[in-house]
Amino acid sequence: MKITKFKANLPIYLQVSDLLAERIIRGNYPPNAKVPSVRELAEELTTNPRTIQNALKELIDAGVLITHRGQGNFVTDDRAKIIQLKQQRIQKKTADYLDSLQPFLTWEEILLAVKSEIIKRKENEKCQHKD
């Protein structure tokens, strides 16, 4: 069994909620799809079922998951909610990244570094597609 490693500085239920949100955004759990049960997720992520319930509650409260009594939790068919979830994740990750760089780089240096990395990655993708 693979043990999931969680960060010590953030509650595990929020990390699980983020993981499930990313799976939804990526389409692993598409609109109207049933997500695994609390028990299945707890086993997969090697964590307490109560932690999973708290994580699911976050997504239910956000309107991304819908509970059908006796059937389980399903991804909303409201694509606007999923897009909103994606935008929130992009904004949070971008802000965290900028906060980590800003103490020792100027905004111009950050922008140059990001542009340079994007160009490099695009070139690598082109090379991979040619093979």
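Treat the numbers as computed from the prediction; the structure is a model and nothing was measured.

The rules behind these values
Residues numbered from 1 in each chain as written. Predicted model: local features only at pLDDT ≥ 70, side-chain atom pairs only at ≥ 80, totals over all residues. Heavy atoms only, no water. Helix = DSSP H or I, 4+ residues; strand = E, 2+ residues; numbered from the N terminus. Rg over C-alpha atoms; globule rule 2.2 N^0.38 Å. Buried < 20%, exposed > 50% of the residue type's maximum accessible area, 1.4 Å probe, protein only. Contact = heavy atoms within 4.5 Å. Lys, Arg positive; Asp, Glu negative; His and termini not counted. Charge placed at Lys NZ, Arg CZ, Asp CG, Glu CD. Pairing = 2+ DSSP bridges. Patch = residues over 30% accessible without salt bridge, like charges linked within 9 Å, V, L, I, M, F, W, Y side chains within 5 Å. Areas by Shrake-Rupley, 256 points an atom, 1.4 Å probe, with all protein chains shown as cover. Salt bridge = Lys/Arg side-chain N within 4 Å of Asp/Glu carboxyl O. Axes fitted to C-alpha atoms, helices over the stretch in contact; angles between N-to-C directions. Parallel < 35°, antiparallel > 145°, perpendicular 65-115°, else oblique. Left-handed = near helix turned anticlockwise from the far one by under 90°. Nonpolar A, V, L, I, M, F, W, Y, C, P; charged D, E, K, R; others polar.

S.K.: Could you clarify how one ought to interpret the overall build of the protein in this entry?
M.R.: Helices and strands together make up the secondary structure of the protein, namely five helices and two strands. Overall, the protein shows an N-to-C arrangement of helices and strands of α-α-α-β-β-α-α. Here the protein has a C-alpha radius of gyration of 18 Å; the compact-globule value for 131 residues is 14 Å, and the former is much larger. Along the first, second and third principal axes, the C-alpha atoms of the protein reach 55 × 35 × 35 Å. For the protein, buried positions account for 23% of its 131 residues. Residue pairs at least 24 apart in sequence account for 54% of intrachain contacts in the protein once pairs closer than 6 positions are excluded. For the protein, the centre of its 22 positive side-chain charges and the centre of its 17 negative side-chain charges are spaced 3 Å apart.

S.K.: What's the story with the pairing of strand 2 (residues 72-75) in this structure? I'm lost.
M.R.: One face of the sheet, then the other: side chains in a regular strand alternate in exactly this way. The pairing of strand 1 (residues 65-68) with strand 2 spans four bridges and is antiparallel. Among the inter-strand pairings, H68 is bridged to a residue of strand 2, identified as G72. Remark: three residues form the turn of the hairpin made by strand 1 and strand 2, two consecutive strands paired antiparallel; G70 in that turn has positive phi of roughly 80°.

S.K.: What exactly am I supposed to notice about the side chain of T51 here?
M.R.: Structurally, T51 can be placed in helix 3 (residues 49-61). Ignoring any residue separated from it by four or fewer positions in sequence, one finds T51 in contact with I12, Y13 and V16.

S.K.: Looking at this model, I keep getting lost on a nonpolar patch on the surface. Mind explaining?
M.R.: The grouping of Y97, V114 and I118 at the surface amounts to a nonpolar patch, some 240 Å² of accessible area in total. Mapped onto the elements, I118 comes out in helix 5 (residues 107-130). Judged by its relative accessible area of 44%, I118 falls in the partly exposed class.

S.K.: Would you mind going over the packing of helix 1 (residues 12-26) against helix 4 (residues 79-101) with me for this structure?
M.R.: Helix-helix packing is characterised by the crossing angle of the two axes and by the distance between the axes. Taken N-terminus to C-terminus, the directions of helix 1 and helix 4 make an angle of 125°; their axes are 10 Å apart at the nearest point. Taken as axis vectors, helix 1 and helix 4 run oblique relative to one another. As for how helix 1 packs across helix 4, the hand of that crossing is left-handed. Contacts from S17, D18, A21, E22, I24 and I25 of helix 1 reach helix 4 at I82, L85, K86, R89 and K93. Class assignment of the residues belonging to the contact of helix 1 with helix 4 gives a composition of five nonpolar, one polar and five charged.

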